[in-house]
Amino acid sequence: MKMSEILKCLKASARAVAVVLAVTVAAAGTAINAQAAEDNPYGLIDPNAISVGTMGDAKPYAFTTADGEFSGFDIEFFLNVVERLGFKKDQVVFTGQEFAALMPSVANQRFDVAVAAIGTTDARKKTVDFSDGYLAGYLSVLTADPGITTAEGLKDKRLGVVQGTLQELYAQKHFEGTALVKFPDNNSAISALNNGTIDAHFLDYEAAKDYGTRYPKLKIAVNIPSFDAPAGFVIRKGNDAFRKALNTAIHAAMEDGTWKKLYEKWFPGSPMPDDYLPKKN
């Protein structure tokens, strides 16, 4: 055999070996990816725990108790939902944050999910995904000023809003002539309201009701329906496996009466949307 023919044979053999190696590596990579998906089906930061961003001052939705534990309707409902996915309470880690930081923290994978009665809007869905809705309610104006009885009465007034909330978005769009004062959380806004720095605070109805109980001079002056932006659990954009699993568990909790039981516990006397109640036969 001539040298040129020998070289051709060697080159052909090398190419064949390279192809075999490439196929082997690709197959190994596919197997590794499949195993990773099997080990972490919900795409969590830690497959054995769920990292949750929430708030510590949004009673009765999410708040910290005197002993530092997180509690509230959203907290208890979320724990029930993920228990249906196989996660026990000690596998769910809650961390308190300012509201405005919750969705960016999920988008940046600091948390797997944010749970704090977060309303679903088209603007928010540009950066994060939402589960199906599990809560709807009212936006309320809380004030000690007897002159504020309607939304129109807010003109030329200083109105507190928590930065990044539905209340801020609504006020920017609808309260023309009102000076909006932004706060990181409800507690700081209520402090400002009590010392006269602002004239009123715009917040969720249930939270307003709670603050009104704690500070009797503060009254709910205006209630605005907010059923077009129901609260949902916030998850990372594109994490469809987790979103779909949460949705299935959410509807199961509604259908077996768990949602109704928790709602009656945390919102006694408040109306309940039929969509969240067990289907009638």
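In what follows, the structure referred to is the one given above.
As a starting point, this report considers the structure included with it. The structure presented is a predicted model; accordingly, all values stated were derived computationally and were not measured.

1. Some remarks on the overall build of the chain
Phase 1: When you go through the chain residue by residue, the secondary structure sums to eight helices and 12 strands.
Phase 2: A buried classification covers 44% of the 281 residues belonging to the chain.
Phase 3: Surface accessibility of the chain: about 14,700 Å² in total, with carbon and sulfur atoms responsible for 55%.

2. As for the sheet that holds strand β2 (residues 57-58)
Phase 1: Here three strands make up an open sheet; going across it, the order is β2-β3-β4 and the pairing antiparallel. Edge positions in the sheet fall to β2 and β4 (70-71), since each has one partner strand and no second.
Phase 2: With two bridges connecting them, β2 and strand β3 (residues 62-64) associate as antiparallel partners. If you follow Asp 57 over to β3, its bridge partner there is Phe 63.

3. Observations regarding helix α6 (residues 205-214)
Phase 1: Where α6 is concerned, the buried positions are Glu 206, Ala 207, Ala 208, Asp 210, Tyr 211 and Gly 212.
Phase 2: Tucked into the core, α6 has its buried residues touching β2, β8 (135-143), α5 (186-194), β11 (200-204) and β12 (219-236).
Phase 3: The N-terminus of α6 is capped by Asp 204, whose side-chain oxygen sits 2.9 Å from the backbone nitrogen of Glu 206.

4. Let's talk about the packing of aromatic side chains
Phase 1: Inspection of the entire model under this criterion finds 21 aromatic pairs.
Phase 2: Centroid distance Tyr 42 to Phe 87: 6.3 Å. Interplanar angle 50°. Geometry classified as tilted. You can see Tyr 42 sitting in the loop between α1 (3-39) and β1 (50-54) and its partner Phe 87 sitting in the loop between α2 (73-83) and β5 (92-96), a full 45 residues away along the chain.
Phase 3: For Tyr 42, a relative accessible area of 19% corresponds to the buried category.

5. Side note on the side chain of Asp 210
Phase 1: Summarising the element assignment, Asp 210 is placed in helix α6.
Phase 2: For Asp 210, a relative accessible area of 18% translates into the label buried.
Phase 3: One polar contact links Asp 210 to Arg 214, side chain to side chain, over a distance of 3.0 Å.

About the criteria used
Residues numbered from 1 in each chain as written. Predicted model: local features only at pLDDT ≥ 70, side-chain atom pairs only at ≥ 80, totals over all residues. Heavy atoms only, no water. Helix = DSSP H or I, 4+ residues; strand = E, 2+ residues; numbered from the N terminus. Buried < 20%, exposed > 50% of the residue type's maximum accessible area, 1.4 Å probe, protein only. Areas by Shrake-Rupley, 256 points an atom, 1.4 Å probe, with all protein chains shown as cover. Pairing = 2+ DSSP bridges. Contact = heavy atoms within 4.5 Å. Polar contact = N/O pair within 3.5 Å; in protein donor to acceptor, adjacent residues only side chain to side chain. Phe/Tyr/Trp six-rings, centres within 6.5 Å; stacked < 30°, edge-to-face > 60°.

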